[in-house]
Amino acid sequence: SQASFEEDSQKQPAVGHWKPLMPSKGSKEEPETGCQDAGGVDETQSTEQLNVSRLRSSSVEIREKGSEFLREELHKAQKELKLKDKECERLSKVREQLEQELEELTASLFEEAHKMVREANTKQAASEKQLKEARGKIDMLQAEVTALKTLVITSTPSSPNRELHPQLQSPSKAVFRKGHGRNKSTSSAMVSAASQNVTPQPVSHERREVDSILFAEFQAWKESPSLDKSCSFLDRIYREDIRPCLDFTKQELSELVRVAVEQNTLTIEPVASQTLPVVKVSAEECGGPKKCALSGLSRTCKHRIMLGDSGSYYYISPSCRARITAVCNFFTYIRYIQQGLVRQDVELMYWEVMRLRREMSVAKLGFYPSEM
């Protein structure tokens, strides 16, 4: 049937060459046209099948290529993901390391800050202590200068000061006076203003004679006074007086006392005036109110000494105090000579030195005033 064929032809157009589906009116070749159309339908169907197979093969090929492309892309993505994972792991380790270093740095900074605060507090306490001691020394030195000015001004050849010229005093005045008011090593030439009002004692008629060797050594030292122990003048006094006078049972402590006396850093104070119970060594080494730290004997100790700024106190007996004081008086006097504070004749200074040497000799033998 022509109508159904035309419908089929319209629904399924032929692929390949084109032929007219509708014959012209009045055509006489209808049977032949029908045969041709039947052949065209077969050819169209085979073409369609071929095209379908081609499409199927193309689709399979495209699908395979697409799958291969996707696999490659997936493989690349996996590689990139692994690289990202490694990078993340590395960055994580770096972050942990930085956090640990930051914690350690913070801890060290806090520790350093606490250490600096402790050191600052310690230095502040030490500075306050030094300031307090310096003020005390300044007051003491001012009192010394005032007393020295009084002694120098009031002593003239026509009217000599009896305190400055001990050879004009009685033997009872030549001994060490009561009180030992200085904290540091003192000289018997230092007196208070009140002591100048004491009634003069009768002049002593003690006979004496200048030793030429000792006087020559003193004159040589007086030309260029110093505390150098190598000069003959001081070397003799060290051998004959100072070392024997400061030779106590406790040898180690005796050496420390001698060095402190030489450096003028020895402090002597009464036990009753203690204000700060600072004791940094054992009770046996320090002695005590009933035991002398230098001799090691059981004695009533009314005074104690401190060597420099150590803060360690040592209780001493009256005999040991007299020996130390005699040496301190000698060193103080020769320091005054060295500084030009003693305005006397050379012979008078020589006899004052001899008197101080006699005090050391008497003290090392165990004699001391009852006031001590």
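Predicted model, so just to flag it, every value in this text is computed and none were measured.

Thoughts on the packing of aromatic side chains
- The full count for this structure, using the stated rule, is eight aromatic pairs.
- Note on Phe 215 and Tyr 350: the rings are 5.2 Å apart at their centroids and 90 degrees apart in plane angle, and the pair reads as edge-to-face. With Phe 215 in helix α4 (residues 212-223) and Tyr 350 in helix α9 (residues 346-364), this residue pair connects regions lying 135 residues apart in the sequence. Residues Phe 215 and Tyr 350 agree in their burial class; the two are buried.
- Pairing Tyr 238 with Phe 331 gives two aromatic rings, centres 6.1 Å apart and planes at 70 degrees, and the pair type is edge-to-face. Residue Tyr 238 is located in helix α5 (residues 232-245), and its partner Phe 331 is located in helix α8 (residues 318-338); the two are separated by 93 residues in the primary sequence. Accessibility assignment for this pair places Tyr 238 and Phe 331 in one class, buried.

Some thoughts on the nonpolar core
- Core analysis: the biggest nonpolar cluster contains 49 residues, and Ile 242, Leu 266, Leu 294, Ile 305, Ile 324 and Phe 330 have the highest contact counts within it.
- Elements represented by at least two residues in this core include exactly α4, α5, α6 (251-262), β1 (266-270), β2 (303-307), β3 (313-316), α8 and α9.
- Broken down by element, this core gets its largest block of residues, 11 residues, from α8.
- Ignoring any residue separated from it by four or fewer positions in sequence, one finds Ile 305 in contact with Val 257, Leu 266, Thr 267, Ile 268, Ser 312, Tyr 313, Tyr 314, Ile 316 and Ile 324.

Some words on a negative patch on the surface
- Taken together, Glu 64, Glu 68, Glu 72, Glu 73 and Glu 80 make up a surface patch of like negative charges.
- Along the polypeptide, Glu 64 turns up in helix α2 (residues 30-154).

Looking at the pairing of β2
- Where burial is concerned, most of β2 is hidden: five out of the five residues are buried.
- On β2, burial covers both faces: His 303, Ile 305 and Leu 307 on one face and Arg 304 and Met 306 on the other are all buried.
- Alignment of β1 against β2, held across five bridges, turns out to be antiparallel. Note on β2: the bridge partner recorded for Ile 268 is Ile 305.
- In this sheet, β3 lies alongside β2 in antiparallel orientation, the contact comprising four bridges. Residue Arg 304 lies in a different strand from β3, and its bridge partner there is Tyr 315.
- Hairpin connection from β2 to β3: five residues lie between these consecutive antiparallel strands, with Gly 308 at a positive phi of about 65 degrees.

Overview of the packing of α4 against α5
- Where α4 meets α5, the axes come as close as 8 Å, and the angle between the chain directions of the two elements is 125 degrees. In terms of their interaxial angle, α4 and α5 are classed as oblique. In this structure, α4 contributes Ile 213, Leu 214, Glu 217, Phe 218 and Trp 221 to the contact, and α5 contributes Ser 232, Phe 233, Leu 234 and Arg 236.
- Each residue belonging to the contact of α4 with α5 can be placed in one class, and the counts come to six nonpolar, one polar and two charged.

Some thoughts on unusual backbone geometry
- Within the chain, Asn 264 stands out as a residue other than glycine whose phi angle is a positive 60 degrees.
- Along the polypeptide, Asn 264 turns up in the loop between α6 and β1.

Looking at α9
- Look at α9: 27 Å from first C-alpha to last across 19 residues, which is about the 27 Å you get at 1.5 Å a residue.
- Of the residues that open α9, the one with a side-chain oxygen 3.1 Å from the backbone nitrogen of Glu 347 is Asp 345.
- Of the residues one or two after α9, Gly 366 is the one with positive phi, at around 105 degrees.

Brief notes about the confidence of the model for the chain
- Per-residue confidence for the chain averages 76 on the pLDDT scale, and 69% of its residues sit at or above 70.
- Ranking the elements of the chain by mean pLDDT puts helix α3 (residues 171-174) last, at 41, and α5 first, at 94.
- Every residue in residues 167-203 scores below 50 in pLDDT, and together they form 81 contacts with partners more than four places removed in sequence or on other chains.

As for the state of the cysteines
- Summed over all chains, the structure comprises zero disulfides.
- No disulfide involves Cys 292; its sulfur sits 3.6 Å from the nearest other cysteine sulfur, which is in Cys 320.
- A residue is classified by how much of its surface remains accessible, and Cys 292, at 1% relative accessible area, is buried.

Section: the side chain of Arg 335
- Along the chain, the position of Arg 335 falls in helix α8.
- It is Glu 262 that comes nearest to the buried, bridge-free Arg 335 among opposite-charge side chains, at 7.9 Å.
- Among the polar contacts listed, one links the side chain of Arg 335 to the backbone oxygen of Val 261, at a separation of 3.1 Å.

Some details on the packing of α6 against α8
- It is at 10 Å that the axes of α6 and α8 come closest, and there the two elements cross at 25 degrees. Taken as axis vectors, α6 and α8 run roughly parallel relative to one another. In terms of crossing hand, the pair formed by α6 and α8 is right-handed. Here Val 257, Val 261 and Glu 262 of α6 lie close against α8, whose contacting residues are Ile 324, Val 327, Cys 328, Phe 331 and Arg 335.
- The class makeup of the residues in the contact of α6 with α8 is six nonpolar, no polar and two charged.

Reading the values: the criteria
- Residues numbered from 1 in each chain as written.
- Predicted model: local features only at pLDDT ≥ 70, side-chain atom pairs only at ≥ 80, totals over all residues.
- Heavy atoms only, no water.
- Phe/Tyr/Trp six-rings, centres within 6.5 Å; stacked < 30°, edge-to-face > 60°.
- Helix = DSSP H or I, 4+ residues; strand = E, 2+ residues; numbered from the N terminus.
- Buried < 20%, exposed > 50% of the residue type's maximum accessible area, 1.4 Å probe, protein only.
- Core = buried A, V, L, I, M, F, W, Y, C linked by side-chain atoms within 4.5 Å.
- Contact = heavy atoms within 4.5 Å.
- Patch = residues over 30% accessible without salt bridge, like charges linked within 9 Å, V, L, I, M, F, W, Y side chains within 5 Å.
- Areas by Shrake-Rupley, 256 points an atom, 1.4 Å probe, with all protein chains shown as cover.
- Salt bridge = Lys/Arg side-chain N within 4 Å of Asp/Glu carboxyl O.
- Lys, Arg positive; Asp, Glu negative; His and termini not counted.
- Charge placed at Lys NZ, Arg CZ, Asp CG, Glu CD.
- Pairing = 2+ DSSP bridges.
- Axes fitted to C-alpha atoms, helices over the stretch in contact; angles between N-to-C directions.
- Parallel < 35°, antiparallel > 145°, perpendicular 65-115°, else oblique.
- Nonpolar A, V, L, I, M, F, W, Y, C, P; charged D, E, K, R; others polar.
- Expected span 1.5 Å × (residues − 1).
- Polar contact = N/O pair within 3.5 Å; in protein donor to acceptor, adjacent residues only side chain to side chain.
- pLDDT = per-residue confidence, 0-100.
- Disulfide = S-S within 2.5 Å.
- Left-handed = near helix turned anticlockwise from the far one by under 90°.

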